[in-house]
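Notes for the structure review
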Amino acid sequence: MFGLSVGAFRPTLAAFGGRAWRIPWRMSKTRKANVRKRLREVDGVIDTLMASGVQCKQLDLIKDLPRENEMLPRDKYTTFSRTAKNHRKSVHKVPHFTKRPIPRTTPKNF
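Since the model is a prediction, treat every value here as computed from it, not as a measurement.

What counts and what doesn't
Residues numbered from 1 in each chain as written. Predicted model: local features only at pLDDT ≥ 70, side-chain atom pairs only at ≥ 80, totals over all residues. Heavy atoms only, no water. Core = buried A, V, L, I, M, F, W, Y, C linked by side-chain atoms within 4.5 Å. Buried < 20%, exposed > 50% of the residue type's maximum accessible area, 1.4 Å probe, protein only. Contact = heavy atoms within 4.5 Å. Salt bridge = Lys/Arg side-chain N within 4 Å of Asp/Glu carboxyl O. Helix = DSSP H or I, 4+ residues; strand = E, 2+ residues; numbered from the N terminus. Polar contact = N/O pair within 3.5 Å; in protein donor to acceptor, adjacent residues only side chain to side chain.

1. Some remarks on the nonpolar core
Counting residues in hydrophobic clusters, the biggest one holds nine residues: Met-27, Val-35, Leu-39, Met-71, Tyr-77, Val-91, Val-94, Phe-97 and Ile-102. Ignoring any residue separated from it by four or fewer positions in sequence, one finds Ile-102 in contact with Val-35, Leu-39, Asp-75, Lys-76 and Val-91.

Structure, rendered in structure tokens:
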């Protein structure tokens, strides 16, 4: 009875740090929708700041970045990673991806 490993307490290989089964292979529709929602909310804040007449250097730089509806799906749901095989890593595999800004641009040729 106690020898079975099922549910949330099943062990994984130590090489994976015990987290291998907790991170799904691909992003679900819900997670993708939440990423799009966060990007749209950021776009709304930028629009509000620009309409209020606030002037700052960072706001001038942000104006040139693509909006959520102009971004390619590859840029919305993946991010640049030096160590990944194709130099792209799914956003949901980045630690605390809901709290960190999603980069809207990537290095050239990636």
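2. Here's the deal with the pattern of salt bridges
Charged atoms that come close allow side chains of opposite charge to pair. This model, assessed by the stated rule, comprises six salt bridges. The residue Asp-43 makes a salt bridge to Arg-104 at a minimum N-O spacing of 2.9 Å. Linking Asp-43 in helix H1 (residues 29-52) with Arg-104 in the segment after strand S2 (88-90), this pair joins segments that are 61 residues apart in sequence. As far as the burial class goes, Asp-43 and Arg-104 line up, both buried. The partner of Asp-47 in a salt bridge is Arg-67, with the nearest N and O atoms 3.0 Å apart. Residue Asp-47 is found in helix H1, and its partner Arg-67 is found in the loop between helix H2 (57-63) and helix H3 (73-77); the two are separated by 20 residues along the sequence. Overall, the relative accessible area of 32% leaves Arg-67 in the partly exposed class.

3. Considerations on the side chain of Arg-88
You can see Arg-88 is positioned in strand S2. A distance of 3.0 Å separates a polar side-chain atom of Arg-88 from the backbone oxygen of Arg-74. Reaching out from Arg-88, the side chain makes a polar contact with the side chain of Thr-78 at a distance of 2.8 Å. If sequence neighbours within four positions are ignored, Arg-88 has contacts with Arg-74, Asp-75, Thr-78, Thr-79, Phe-80, Ser-81, Thr-106 and Phe-110.

4. Section: the environment of Phe-97
When you line up the elements, Phe-97 lands in the segment after S2. Given the relative accessible area of 13%, Phe-97 is considered buried. Phe-97 has contacts with Arg-31, Val-35, Arg-38, Val-91 and His-92, leaving out every residue within four places of it along the chain.

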